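Secondary and tertiary structure notes
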Amino acid sequence: MTQAALHFIVVNIALSLFYACYKFLLAQDTFLQTKRIYLQFSFLFSLFLPMANLNSWFVKHEIVPTVVANAAVLPEIYIAPAKSSFAWNAESVLVAVYALVGLALIIRFLVRLTNIANMRKGGRERMLFDTKVIELHQDIAPFSFARWIFVNPTLHTETELKEILAHESIHVKQAHSVDVIISELMLVFFWTNPFVWLLRQEIRQNLEFIADNKVVESGVDSKAYQYHLLKLSCQQPDIKFTNNFNILPLKKRITMMNKQKTSKAGLLKYSLIVPLAMALIFISNAQTGATKTRRTTGNTTNQAVKTQPEALQKKNFLSTTTPSPELTEPNTQTPTKNQVYDVCEKLPEYPGGMDALMKYLSQNIKYPIKAQENGIQGKVFVQFVVNSVGKIENAEIIKNVSPEIDAEALRVVNSMPQWTPGEQKGEKVSVHYTLPIGFTLDSGNARHNPVVLVDGKQMPAGYDISKNINPSNMAKMVVIKVFSEEEQKGQVEKYGQDALNGVIEITLKK
């Protein structure tokens, strides 16, 4: 699942939960302004919820592992995405349909804004009972949008006009059009979610409750005002998303005007928004955090991964190294059954040699589409065993990047053809190997050459270890990949710009 799809699902789940909480706990309250805040918070919080990232919190609590490769390390290979032409599939068709409906909704929204602008341009601005209005001549119900009040004075009595202006002035002064526009835009992007439509309806209805309540509180006779609403109920506004004096359903508006005020203790229910919001934040981050924690835990229990000392954990770099020389010396003991060697007298060999192995990997590893879409890149380390008959077994990830990239690396390693097995004292033995595979989105720099030091002497650029050094002659090999700016600067000053691609220090047997 792409990151965009995951964000889309998170937003829709949040909107659904906010609506359910509103409908079952808050809808019948008379705390109209508080409900307005809650409804707008529901939209805005849900929209920005995926950006509330707690991953840094999880990372701070991770154990920082150092990969210690107790095995022969194969040359590093980098994989870049293959260039491919766009192909239609079920997913792309669904996205296209979704986008087309969203485009139709945004066009409808813009058309309505244009209609309002045309009415503003064609109407006459005048003062009516000390209120600025746009006088229209159409047979249309009064409405307001932004700072404009549109009305046809010839259709109403003086008393009715005063009530209308009192009502619409509340919409203008409290900027209710902002709430309406936000709900319309949310509908454009999340039109498949029925709760978005319902939230939009609740927002518009609550705005009318607020205006009605203010009019009644100003001293207007409540019953006369309600009869006036009934009289205008047959007039439908041409602009659907404006604040309208006679917006339906009238029954709910009249019920709310006559409703007994909710006790102030009822405000305590709104405090539920805090645990609801926190729960949504943790849920949206739980999968990522759990995945990272699980990966870290899995790595630290692997025999090929050892935790650095506390002083080294504070440094921001990854060291891939073999153990001390005595551990990397070829084992002189007689091979025993089921023993797996880290280094032996004669290492296993891929059919055709190292060049054939690199060719096989470059032709068979495919950069996962999901990783490309999410911009994921990095280096994965695969450790496997070439057993005594040359078959690949026990392949596992000892340093991961993402589930898709890890799975692709394992797939290709497990599907490798049979090797020539290694030998110890003339007998075929099983041997560990570690293969680093870099996945990079920078196709122009898909292959990087690290600095190679042999007994402290820097080798020329492009030095091929596999062709120039027999692994059995190695006493120690340390592969350093530097990440922090301080470490990078030091390595570049010491070895040159190529040090940014890593440094391999090889110590030969004396």
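Per chain, residue numbering runs from 1 following the sequence as it is written. It should be noted that, the model being predicted, local features are given only for residues of pLDDT at least 70 and side-chain atom pairs only at 80 or more, the latter also being counted only at that level, while totals for whole chains, interfaces and linings use all residues. Excluding hydrogens and water, the side-chain figures rest on all heavy atoms present in the structure.

Another aspect to go through is the confidence of the model for the chain. The predictor's confidence in any single residue is recorded as pLDDT, a number from 0 to 100. Per-residue confidence for the chain gives a mean pLDDT of 77, with 75% of residues at or over 70. Below pLDDT 50 for its whole length, residues 58-70 participates in 41 contacts with residues either more than four positions away or in separate chains. Contacts: residue pairs with any heavy atoms within 4.5 Å of one another. A low-confidence stretch, residues 288-331 stays under pLDDT 50, and its non-local contacts, those more than four residues away or across chains, total 92 contacts.

Only one rule defines a salt bridge in this text: a Lys or Arg side-chain nitrogen within 4 Å of an Asp or Glu carboxyl oxygen. By the definition in use, this model includes twelve salt bridges. Across the pair Arg36 and Asp179 runs a salt bridge whose closest N-O atoms are separated by 2.7 Å. Highlighted residues: Arg36 in helix H2 (residues 32-48) and Asp179 in helix H6 (residues 176-189), separated in sequence by 143 residues. Here Arg120 makes a salt bridge to Glu125, at a shortest N to O gap of 2.8 Å. Remark: exposure states derive from per-residue accessible area (1.4 Å probe, protein chains only) relative to the maximum for the residue type, with buried under 20%, exposed over 50%, and partly exposed in between. Exposure remark for Arg120: the relative accessible area of 23% places this residue in the partly exposed category. Strands here mean DSSP runs of E at least two residues long; helices mean DSSP runs of H or I at least four residues long; both are numbered from the N terminus.

Expected helix span is taken as 1.5 Å per residue step, with the number of steps being one fewer than the number of residues. For H6, with 14 residues, the first-to-last C-alpha span of 21 Å sits near the 20 Å given by 1.5 Å per residue. Turning to H6, its buried residues number three or more, namely His176, Ser177, Asp179, Val180, Ser183, Glu184, Met186, Leu187 and Val188.

Time to look at the packing of aromatic side chains. Pairing of aromatic rings covers Phe, Tyr and Trp, the last through its six-membered ring, and needs centres within 6.5 Å; plane angles under 30 degrees mean stacked, over 60 mean edge-to-face, and all others mean tilted. Scanning all chains against the criterion turns up 18 aromatic pairs. Plain terms: the ring middles of Phe8 and Phe190 are 5.6 Å apart, the flat faces sit at 25° to each other, and that makes the pair stacked. Remark: Phe190 occurs in the loop between H6 and helix H7 (194-217) and Phe8 occurs in helix H1 (residues 3-26); sequence separation between them is 182 residues. Residue classification places Phe8 among the partly exposed positions, given a relative accessible area of 29%. Under the relative-accessibility criterion, Phe190 is labelled buried at 7%. An angle of 15° between the planes, with centres 4.7 Å apart, marks the rings of Phe143 and Phe150 as stacked. Like Phe150, Phe143 is buried. The structure contains a cluster of three or more aromatic residues connected by ring pairs, namely Phe18, Tyr22, Tyr38, Phe41 and Phe45.

Let us look at the packing of H2 against H7. Axis lines are fitted to C-alpha atoms, over the contacting stretch for helices. Their N-to-C directions set the angle, which ranges from 0 to 180 degrees. Remark: H2 packs on H7, axes separated minimally by 10 Å, with the N-to-C direction vectors making an angle of 155°. In terms of their interaxial angle, H2 and H7 are classed as roughly antiparallel. Classified by chirality, the crossing of H7 by H2 is left-handed. From H2, Leu32, Gln33, Lys35, Arg36, Leu39, Gln40 and Phe43 reach across to H7, where they touch Val196, Leu199, Arg200, Glu202, Ile203, Asn206, Leu207, Phe209, Ile210 and Asn213. Class assignment for the residues of the contact of H2 with H7 results in nine nonpolar, four polar and four charged. Oblique is the label for any angle not covered by the other classes, which are roughly parallel (under 35 degrees), roughly antiparallel (over 145) and roughly perpendicular (65 to 115). Each crossing is labelled by how the near helix is turned from the far one, with a counterclockwise turn of less than a right angle marking it left-handed and a clockwise turn marking it right-handed. Throughout, the ten residues Ala, Val, Leu, Ile, Met, Phe, Trp, Tyr, Cys and Pro are labelled nonpolar, Asp, Glu, Lys and Arg are labelled charged, and all others, Gly among them, are labelled polar.

Our next topic: the pairing of strand E4 (residues 124-128). Across five bridges, E4 lies against strand E5 (residues 131-135) in antiparallel orientation. Considered in E5, the bridge of Arg126 is made with Val133. Pairing between strands is defined by DSSP: at least two bridges between them are needed. The turn linking E4 back onto E5 is made up of two residues, and Phe129 within it adopts a positive phi angle of 55°.

Helix-helix packing: each pair is described by the crossing angle between the helix axes and the interaxial distance. The contact between helix H5 (residues 158-173) and H7 brings their axes to 9 Å, and the two run at 130°. The angle between the axes of H5 and H7 places the two elements in the oblique class. As H5 runs across H7, the sense of the crossing is right-handed. Of the residues in H7, those in contact with Glu163, Ala166, His167, Ile170 and His171 of H5 are Leu207, Glu208, Ile210, Ala211, Asp212, Lys214 and Val215. For the contact of H5 with H7, the per-class residue count stands at six nonpolar, two polar and four charged.

With that settled, consider the environment of Leu187. Of note, Leu187 is situated in helix H6. In the structure, Leu187 is positioned 13 residues away from Arg200 in sequence and 7.9 Å away in space, judged by C-alpha atoms. Leu187 has contacts with Leu105, Arg108, Val196, Trp197 and Arg200, leaving out every residue within four places of it along the chain.

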